[in-house]
Amino acid sequence: MTVKIKINPEYPHLTRWIQSLPDTFHQQGTLLIDRRNQVRLVEFENQKYVVKYFKKISKTNRFIYRYFRASKGERAYTNARILLSKDIATPAPVAFLDVYDAGRLVHSYFVSRYVEFPSAFDLLN
């Protein structure tokens, strides 16, 4: 297995915790959403973070995300940084982590700071 990881330079102290996500995600924090993806609120070192696990990855996308397109975790991280660069408020992106096995994406995670506001899902409904 190989891992692709990008950690925001403001959060180097979270490296070990982020690297442990594939093994510890399901035992951490409070489950907020469990549908197509899982979202957990996790407190680590007295700070709150939201960790999103993209759990439904089709067989075709497992290959495509490896060679042709950034994973959902990577795109979430990149898009959050773009929004912030344009002064559009969004939770601070902390990291993304992708796990590959035999050239296929098997796990993808996105970590951001927790912000106490209604979710976009709640606002749309």
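Heads up: these notes are all about the structure in this document. Bear in mind that the values here come from a model prediction, so they are computed numbers and not experimental data.

Section: the overall build of the chain
Inference 1: When helices and strands are counted, the chain shows five helices and six strands.
Inference 2: From first element to last, N terminus to C terminus, the chain shows the α and β order β-α-α-β-β-β-α-α-β-β-α.
Inference 3: The C-alpha atoms of the chain give 14 Å as radius of gyration, which agrees with the globular expectation for 125 residues (14 Å, within 12%).
Inference 4: For the chain, the spread of C-alpha atoms along the principal axes amounts to about 40 × 30 × 30 Å.
Inference 5: The buried share of the chain, taken over its 125 residues, is 34%.
Inference 6: In the chain, the proportion of contacts linking residues at least 24 apart, taken out of those at least 6 apart, comes to 53%.
Inference 7: Of the roughly 8000 Å² of accessible surface on the chain, 52% is carried by carbon and sulfur atoms.

Some remarks on the pattern of salt bridges
Inference 1: The final tally for this structure, using the stated rule, is two salt bridges.
Inference 2: Here Glu74 ties to Lys4 by a salt bridge, and the two come within 2.9 Å at their closest N and O atoms. One end of the pair, Glu74, is in helix 4 (residues 72-85); the other, Lys4, is in strand 1 (residues 2-7), and 70 residues separate them in sequence.
Inference 3: As a salt-bridge pair, Asp34 and Lys55 come within 2.5 Å of each other at their nearest N and O atoms.

A few points about the packing of aromatic side chains
Inference 1: In the structure shown here, the tally under the stated rule is six aromatic pairs.
Inference 2: Between Trp17 and Tyr49 the ring centres are 5.5 Å apart and the planes differ by 45°, which places this aromatic pair in the tilted class. Taken together, the residues span a long stretch of sequence, with Trp17 in helix 1 (residues 15-19) and Tyr49 in strand 4 (residues 47-53) at a distance of 32 residues.
Inference 3: Given the relative accessible area of 2%, Tyr49 is considered buried.
Inference 4: A centroid spacing of 5.5 Å and a plane angle of 55° characterise the contact between Phe25 and Tyr53, whose relative ring orientation is tilted. Residue Phe25 is located in the loop between helix 2 (21-24) and strand 2 (30-34), and its partner Tyr53 is located in strand 4; the two are separated by 28 residues in the primary sequence. The residues Phe25 and Tyr53 share a single accessibility class, namely buried.
Inference 5: One aromatic cluster is present, built from ring pairs that chain together Trp17, Phe44 and Tyr49.

Looking at the side chain of Gln28
Inference 1: If you trace the backbone, Gln28 turns up in the loop between helix 2 and strand 2.
Inference 2: What makes Gln28 buried here is its relative accessible area of 13%.
Inference 3: Side-chain polar atoms of Gln28 contact the side chain of Trp17, separated by 2.7 Å.
Inference 4: Those residues within four positions of Gln28 in sequence are excluded, and the remaining contacts are Trp17, Ser20, Leu21, Arg40 and Val42.

A closer look at the pairing of strand 3 (residues 38-44)
Inference 1: Counting buried positions over the seven residues of strand 3 gives five, a clear majority of the element.
Inference 2: Between the antiparallel neighbours strand 2 and strand 3 lie three residues.
Inference 3: In this structure, strand 3 lies alongside strand 4, joined through seven bridges in antiparallel fashion. Within strand 4, the position partnered with Val39 by the bridge is Lys52.
Inference 4: The turn joining strand 3 and strand 4, which pair antiparallel and follow one another in sequence, is formed by two residues; a positive phi near 50° is taken by Glu45.

Parameters at a glance
- Residues numbered from 1 in each chain as written.
- Predicted model: local features only at pLDDT ≥ 70, side-chain atom pairs only at ≥ 80, totals over all residues.
- Heavy atoms only, no water.
- Helix = DSSP H or I, 4+ residues; strand = E, 2+ residues; numbered from the N terminus.
- Rg over C-alpha atoms; globule rule 2.2 N^0.38 Å.
- Buried < 20%, exposed > 50% of the residue type's maximum accessible area, 1.4 Å probe, protein only.
- Contact = heavy atoms within 4.5 Å.
- Areas by Shrake-Rupley, 256 points an atom, 1.4 Å probe, with all protein chains shown as cover.
- Salt bridge = Lys/Arg side-chain N within 4 Å of Asp/Glu carboxyl O.
- Phe/Tyr/Trp six-rings, centres within 6.5 Å; stacked < 30°, edge-to-face > 60°.
- Polar contact = N/O pair within 3.5 Å; in protein donor to acceptor, adjacent residues only side chain to side chain.
- Pairing = 2+ DSSP bridges.

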